[in-house]
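Survey of secondary and tertiary structure
If you want the building blocks of each chain, they are given just below.
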Amino acid sequence: AAENGLDGWLRYAPLPCTTQCHSKVPANIVVLNATETSPIYVAGTELQTGLKSICGSHAELIHGQCKASSSVVVGTIEQYRKTCGNLSEIPELEEDGFWLSTKGNDVQILGSNDRGALYGAFEYLSMLAQGNFSEVAYATSPSAPIRWVNQWDNLDGSIERGYGGPSIFFKNGTVVEDLTRVKQYGRLLASIRINAVVVNNVNANASLLSSENLKGLGRIADAFRPYGVKVGISLNFASPETFGGLDTYDPLNSSVIKWWSNITDQLYQNVPDMAGYLVKGDSEGQPGPEIYNRTLAQGANLFAKALQPYGGIVMFRAFVYNQLNESDWKADRAKAAVDFFKPLDGEFEENVVIQIKYGPIDFQVREPTSPLFANLLNTNTAIELEVTQEYLGQQSHLVYLPPLWKTVLDFDLRVDHKPSLVRDIVTGKRFNRKLGGSAAVVNVGTNTTWLGSYLSMSNLYAYGRLAWNPADDPEAMVQDWIQLTFGLDPTVLKTLTRMSMESWPAYLNYSGNLGIQTLTDILYTHYGPNPATQDNNGWGQWTRADHTTVGMDRTISNGTGYSGQYPEEIAAMYENIDTTPDNLCLWFHHVNWTHHLHSGKTVIQHFYDAHYSGADTAQSFFTQWESLKGKVDEERYNHVRHRLDYQTGHSIVWRDAISNFYYNMTSIPDDSKRVSHY
Ligand code: GCW
């Protein structure tokens, strides 16, 4: 229904009667698998619902046997060969891949496994919902096996950095009774080919491991299973002591090892197909192996070994750093991940994957690519992205994130002077690793828009697309999302595409640029302008701004040496200010406010201009959206209008707060005389 956001991009809005629906859509749906908990069964009902809703046609569901003609056949390739006979040559598929053919009388949707068949059904429905009846025949496979989302849900039902209401999983310390929303989430995730969800916060509470909660996890897994989505959990490193009653949590202690393997056994009794563990150790106050003088690899391997009998995976986070002293010119939080993990390369078990945030600090509006991707050649890696807009407007600002993510995924790190795109590193291709992929912090909640805002859902949709194919195009992805979410009106498509593509550059301009990070409040809320919070504390998100100068000197020659963590060609580029792109100038160099950028502008004038132009663009979103009145149903029109109205005002608050702050600091007037009156 139009009023209801729960369907996300799976609304299956009716197509206008003029389309080819009736002639092109088969009369039967053949489901080559009968068990009700199988994704193939779900594919059958999804196809039936979708065809009815999109085309108004009733297709008969037939289980198990092949029908002579006019059918959509959905199942695995193996089942097809057994039940329906010959199949033309089709390309080799990876796990979860599928073959889709709409040529001839039948539609074939055939997975390499059950999950792949369901993905293919969603792909076919996505074509139809966009009025696309073209004849296609192709195979597609995932770029990587790990396509996960992380929820930062606490057992009390709150969500860390969640902006879409309380948890759909937990309440009052246990798993909620009614798992309807979990199933609906599973449906959305399956449609974008996500294959696992870590359901609890990385800042984990050991009481998740109580026997009651293990049963609850079993129920969550049962709810997700028909959608091919597995469950994983975050662990608290100290659990053996705080929850298990041992007097240690030393990862090499035999009773600790036994305790974890026993817990793992119990988990697999409740969740036989559990995806694995996610671990945040020795980071931001979380316990880890360090107090026992054990390495992070010894910590990770403890869990890896417990999981090996079950084929589970440990996602071990690279987000490890210490508080630092700003009076030390060479101190640099951005260096922490490589400092901690590079010496451990090759020491991790084969089922450990190091989960690396895209940049070296923390989900900022722009960061250089994390150099850790270039420093783990004998270790599995995955990239961590953030759909929840923690530093990026918390769903109250429109920020379509894939253009930001692409600055990292498409970055060529030139390891050993060879092409080394981040996307080829995390998929395992570049260094020949079997495991790899991506994880995104999503944080949906009970809000009927899921994320707290209709427009934010484009980020979840596109995340799934990129996890499958990191070479996918941000504009093409958002266009599919717009048509699936708001229908086929060309003006809606054009306007919302433009707004989406302009949104990250606009937010970047009014919230921080030239590589200075997001100038938001970093101490508590991560929301709204507060450039004063960056410096004079131990968090290491420093700008080192004063009356005459600004920026972090991260060069080898005179600074923190961070640029030296990159392979030679990249290090040389960043070491020299002449070859550092303007957009990372202040990340790598400490300069005068009057330093001239490659653009010809001074740093301070760039600040003023960018903040004005970013806020101008944000204001235009409101008018652009208003031009769509009557073309989008009223409920969603008003919801979005309200958000954009707020963003209009808040972008001006941002603009003025930042411009004013640096004007007061530098006393350098704005050439265009906008700022000088403060
Ligand atoms: O971005 C920071 C957040 C914390 C978060 C942490 C992490 C879950 O402010 O809320 O903790 O990163 O990624 O572990």
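Residues numbered from 1 in each chain as written. Predicted model: local features only at pLDDT ≥ 70, side-chain atom pairs only at ≥ 80, totals over all residues. Heavy atoms only, no water.

What the largest pocket holds in volume is close to 750 Å³. In terms of lining, the largest pocket is formed by 30 residues, of which the most central are Glu-95, Pro-145, Ile-146, Lys-434 and Leu-435. When residues of the lining of the largest pocket are assigned to their parent elements, the largest contribution, three residues, is made by strand 7 (residues 146-150). For the lining of the largest pocket, the per-class residue count stands at 11 nonpolar, eight polar and 11 charged. The space that makes up the second largest pocket amounts to roughly 500 Å³. (1 Å grid on protein atoms, 1.4 Å probe; cavity = no way out; pocket = protein on both sides within 12 Å on 5 of 7 lines; lining within 4 Å. Points joined across faces, edges and corners; volume = space filled by probe spheres on them. Helix = DSSP H or I, 4+ residues; strand = E, 2+ residues; numbered from the N terminus. Nonpolar A, V, L, I, M, F, W, Y, C, P; charged D, E, K, R; others polar.)

Around the ligand, the surrounding shell holds 15 residues, and the nearest of these are Glu-160, Lys-280, Lys-357, Asp-362 and Glu-390. Contact between the ligand and Arg-161: an oxygen atom at 2.9 Å from a side-chain N or O atom of the residue. With respect to the ligand, the side chain of Lys-280 contributes an N or O atom lying 2.6 Å from an oxygen atom. When the ligand is considered free in solution it has 340 Å² of accessible area, and contact with the protein chains removes 97% of it. Class assignment of the residues belonging to the shell around the ligand gives a composition of four nonpolar, three polar and eight charged. (Near = heavy atom within 4 Å. Polar contact = N/O pair within 3.5 Å; in protein donor to acceptor, adjacent residues only side chain to side chain. Areas by Shrake-Rupley, 256 points an atom, 1.4 Å probe, with all protein chains shown as cover.)

With that out of the way, let us pick up the sheet that holds strand 10 (residues 196-198). Strands sit in the order 7-10-11-12-13-14-15-16 around a closed barrel of eight strands; the barrel is parallel. Averaged over all adjacent pairs, the angle separating strand axes in this sheet is 25°, with direction ignored. With four bridges joining them, strand 13 (residues 313-317) and strand 14 (residues 352-357) adopt parallel strand pairing. By the bridge assignment, Phe-316 is partnered in strand 14 with Ile-354. (Pairing = 2+ DSSP bridges. Axes fitted to C-alpha atoms, helices over the stretch in contact; angles between N-to-C directions.)

Viewed as axis vectors pointing N to C, helix 15 (residues 490-511) and helix 19 (residues 634-666) meet at an angle of 30°, and their least axial separation amounts to 9 Å. Overall, the two elements helix 15 and helix 19 adopt an arrangement that is roughly parallel. On helix 19, the residues touching Met-499, Tyr-507, Tyr-510 and Ser-511 of helix 15 are Leu-644, Gln-647, Ser-651, Trp-654 and Ile-658. Among the residues forming the contact of helix 15 with helix 19, the class breakdown is six nonpolar, three polar and no charged. (Parallel < 35°, antiparallel > 145°, perpendicular 65-115°, else oblique. Contact = heavy atoms within 4.5 Å.)

With mixed pairing, six strands are arranged side by side in an open sheet as 2-1-3-5-4-6. Taken across any chain shown, the strands that pair with only one partner, and hence form the sheet edges, are strand 2 (60-63) and strand 6 (137-140). Each strand of the sheet is rotated relative to its neighbour by a mean of 15°, with strand direction disregarded.

Here we come to the state of the cysteines. Enumeration over the complete set of coordinates arrives at one disulfide. The disulfide bridge from Cys-66 ends at Cys-84, spanning 1.8 Å between sulfur atoms. Judged by the torsion about the S-S bond (85°), the Cys-66/Cys-84 disulfide is right-handed. Here Cys-84 lies in the loop between helix 3 (77-83) and strand 4 (98-101) and Cys-66 lies in the loop between strand 2 and strand 3 (71-76), a separation of 18 residues in the sequence. On the accessibility criterion, Cys-66 (29% relative accessible area) is partly exposed. (Disulfide = S-S within 2.5 Å. Buried < 20%, exposed > 50% of the residue type's maximum accessible area, 1.4 Å probe, protein only.)

Let's shift gears to the pairing of strand 2. In the sheet, strand 1 (residues 28-31) pairs with strand 2 via four bridges, with the strands oriented parallel. Of the residues in strand 2, the one forming a bridge with Ile-29 is Leu-61. For the segment spanning strand 1, helix 2 (residues 39-55) and strand 2, crossover handedness is right-handed. (Right-handed = clockwise from strand over helix to strand, strands pointing away.)

All chains considered together, the criterion is met by 29 salt bridges. Arg-294 is the salt-bridge partner of Asp-250, the closest N and O atoms lying 2.9 Å from each other. Separated by 44 residues along the polypeptide, Asp-250 in the loop between helix 7 (239-242) and helix 8 (254-270) and Arg-294 in the loop between strand 12 (276-279) and helix 9 (296-307) bring together distant segments of the chain. Across the pair Arg-414 and Asp-412 runs a salt bridge whose closest N-O atoms are separated by 3.7 Å. Given the relative accessible area of 22%, Arg-414 is considered partly exposed. (Salt bridge = Lys/Arg side-chain N within 4 Å of Asp/Glu carboxyl O.)

The next thing to look at is the domain arrangement of the chain. Examined at the domain level, the chain breaks down into domain 1 (5-140), domain 2 (146-481) and domain 3 (510-552 + 590-666). Relative to domain 3, the C-alpha centre of domain 1 lies at a distance of 46 Å. (Domains from an automatic or database assignment.)

Inspection of every chain in the model, using the stated rule, returns five cavities of 30 Å³ or more. Within this model, the largest cavity holds a volume of roughly 110 Å³. Forming the walls of the largest cavity are 14 residues, and the residues nearest its centre are Ala-318, Phe-319, Ala-337, Gly-359 and Pro-360. It is strand 14 that provides the largest number of residues to the lining of the largest cavity, a total of three residues. Of the residues belonging to the lining of the largest cavity, the class tally is nine nonpolar, three polar and two charged.

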